[in-house]
Amino acid sequence: MSDDHGAGGPGENAGGAVLALDIGGTKLAAGVVGADGTTLSFAVCPTGVEDGPEAALKRLFDLGEKALAEAGAAAGNLLGTGIGCGGPLDPYSGVLLAPPHLPGWRDVPITVLARERYGRPAVLDNDGTAGAAGEWRFGAGRGCRHLLYLTVSTGVGGGLVLDGRTFRGGAGNGGEPGHVTVRSGGRSCKGCGRTGCLEAYASGTSIAERAAEAVTAAAARGTATVLAGRARLTAADVDASARQGDPVAEQVWAETVDALGSGLTSLVNLFEPELVVLGGGVTRSGDRLLEPVRRLVAAQAMGPAARTARIVRASGGDAAGVLGAAAIGFERLAAP
């Protein structure tokens, strides 16, 4: 395995395939991916965190075996296994330290376990870092040197490619765009425990929570809203109701757009990326989210940064996590 943790170019180290494992709190995904980003097989199953780490790990590695079997001969020249997971983790030793979305998964030597199971080297990275590498190598970021990636989903994660190299930081967990401050002294962030983070305003979880609070406030004022009476609100409910002109939903959506635009403005000013790639479930709203965010960043960011950064939607789709894990596999497993 190469000791170089840099990215290299998307066309380098051509050939071979990588078994990619994506570990989420709700679902696990596995696939075999070719050097050009072709998904040769793809499989998903529930994580089942309630069953404990041992059972969930067995499920993960069995899913990998299924993906290898489905890929068949195409997986013959297997470089190894790339693994993406939310942190905190140590990508250099390949240990999951204590991811909050995986209760009980403490100090899990995931790359050692994968190597024992599949007989090939394995590497681990934060799923946000992997997502950035995936979009840069296989997706919307092909050909650019500086890329900022955000996934706006249950939480807000992401990663960076700077000067053509995946950025990891000193301890391997650098590039956490969800935890830039957008409201000093604002809402509590469940992800990190601080207040005012981008995640506390733009994540799907926060959108649903703020919508529930807005419904309660509307009822106290005697204001009608189509969001009232629903047992469990989601970000998709807020988006759909805002599209219909519901004033309560519109207010929640506008606050989401403002927070995301504010956070991105700070990040664009800091890193001056050529490309900002937005992925995750909340971005399924498409231009209803992206267009106002583009306008905000263009108006608020410093001139050179605002003119340089394009903001686009991620291209990975349902296989984004697997493509990201594969990208870090090709980056770190292929011979220099």
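Residues numbered from 1 in each chain as written. Predicted model: local features only at pLDDT ≥ 70, side-chain atom pairs only at ≥ 80, totals over all residues. Heavy atoms only, no water.

1. Some remarks on the sheet that holds strand β7 (residues 122–126)
Right, so step 1: Pairing in this open sheet of five strands is mixed, and the strands run β3-β2-β1-β4-β7 from one edge to the other. Of all strands in the sheet, those with a lone pairing partner are β3 (39–46) and β7, marking the two edges. With direction set aside, neighbouring strand axes in the sheet form an average angle of 15 degrees.
Right, so step 2: The sheet contact formed by strand β4 (residues 78–85) and β7 spans five bridges and is parallel. Considered in β7, the bridge of cysteine 85 is made with asparagine 126. (Pairing = 2+ DSSP bridges. Helix = DSSP H or I, 4+ residues; strand = E, 2+ residues; numbered from the N terminus. Axes fitted to C-alpha atoms, helices over the stretch in contact; angles between N-to-C directions.)

2. Quick notes on the packing of helix α6 (residues 235–243) against helix α7 (residues 247–271)
Right, so step 1: Where α6 meets α7, the closest approach of the two axes is 8 Å, and the angle between their N-to-C directions is 115 degrees. Viewed along their axes, α6 and α7 form a crossing whose handedness is left-handed. Seen from α6, the contacting residues are Ala235, Val238, Asp239, Ser241 and Ala242; seen from α7, they are Ala249, Glu250, Val252 and Trp253.
Right, so step 2: For the contact of α6 with α7, a count of residues per class yields six nonpolar, one polar and two charged. (Left-handed = near helix turned anticlockwise from the far one by under 90°. Contact = heavy atoms within 4.5 Å. Nonpolar A, V, L, I, M, F, W, Y, C, P; charged D, E, K, R; others polar.)

3. Some thoughts on the pairing of β3
Right, so step 1: By the bridge criterion, seven bridges tie strand β2 (residues 27–34) to β3 in an arrangement that is antiparallel. For valine 33, the partnering residue across the bridge sits in β3 and is threonine 39.

4. Section: the confidence of the model for the chain
Right, so step 1: Summarising the model, the chain shows a mean pLDDT of 91, and 95% of its residues fall at 70 or more.
Right, so step 2: Across residues 1–14, where pLDDT falls below 50, the model places 36 contacts with residues more than four positions away in sequence or in other chains. (pLDDT = per-residue confidence, 0-100.)

5. Quick notes on the nonpolar core
Right, so step 1: Among the nonpolar cores identified, the biggest contains 44 residues, and Leu150, Leu260 and Leu264 are the most heavily contacted of them.
Right, so step 2: Looking at which element gives the most residues to this core, the answer is α7, with 10 residues.
Right, so step 3: Residues within four places of leucine 264 in sequence aside, it is in contact with Leu148, Leu150, Val276, Leu278, Val293, Val297 and Ile311.
Right, so step 4: Within the second largest apolar cluster, 31 residues are counted, among which are Phe61, Ile83, Leu96 and Ile110. (Core = buried A, V, L, I, M, F, W, Y, C linked by side-chain atoms within 4.5 Å. Buried < 20%, exposed > 50% of the residue type's maximum accessible area, 1.4 Å probe, protein only.)

6. Notes on the sheet that holds strand β11 (residues 275–279)
Right, so step 1: Across the sheet, five strands lie side by side as β10-β9-β8-β11-β12; this open sheet has mixed pairing. Bordering the open sheet on either side are β10 (165–166) and β12 (310–313), each of which pairs with just one other strand.
Right, so step 2: Sheet analysis places strand β9 (residues 156–162) next to β10, joined by two bridges and oriented antiparallel. Paired with valine 161 across the two strands is threonine 166, which belongs to β10.
Right, so step 3: On the sheet, helix α3 (residues 127–138) packs against β8 (147–152), β9, β10 and β11 and is oriented at approximately 50 degrees with respect to β9.

7. Considering the pattern of salt bridges
Right, so step 1: Counting across every chain of the model gives 18 salt bridges.
Right, so step 2: Two residues, arginine 117 and glutamate 65, come together in a salt bridge whose shortest N-O distance is 3.2 Å. On the criterion of sequence distance, the pair formed by arginine 117 in helix α2 (residues 110–118) and glutamate 65 in helix α1 (residues 53–71) is long-range, its members being 52 residues apart.
Right, so step 3: Residue arginine 117 is classed as partly exposed on the basis of its relative accessible area of 33%.
Right, so step 4: Judged by relative accessible area, which is 32%, glutamate 65 ranks as partly exposed.
Right, so step 5: Through salt bridges with shared partners, a single ionic network connects Lys58, Asp62, Glu65 and Arg117. (Salt bridge = Lys/Arg side-chain N within 4 Å of Asp/Glu carboxyl O.)

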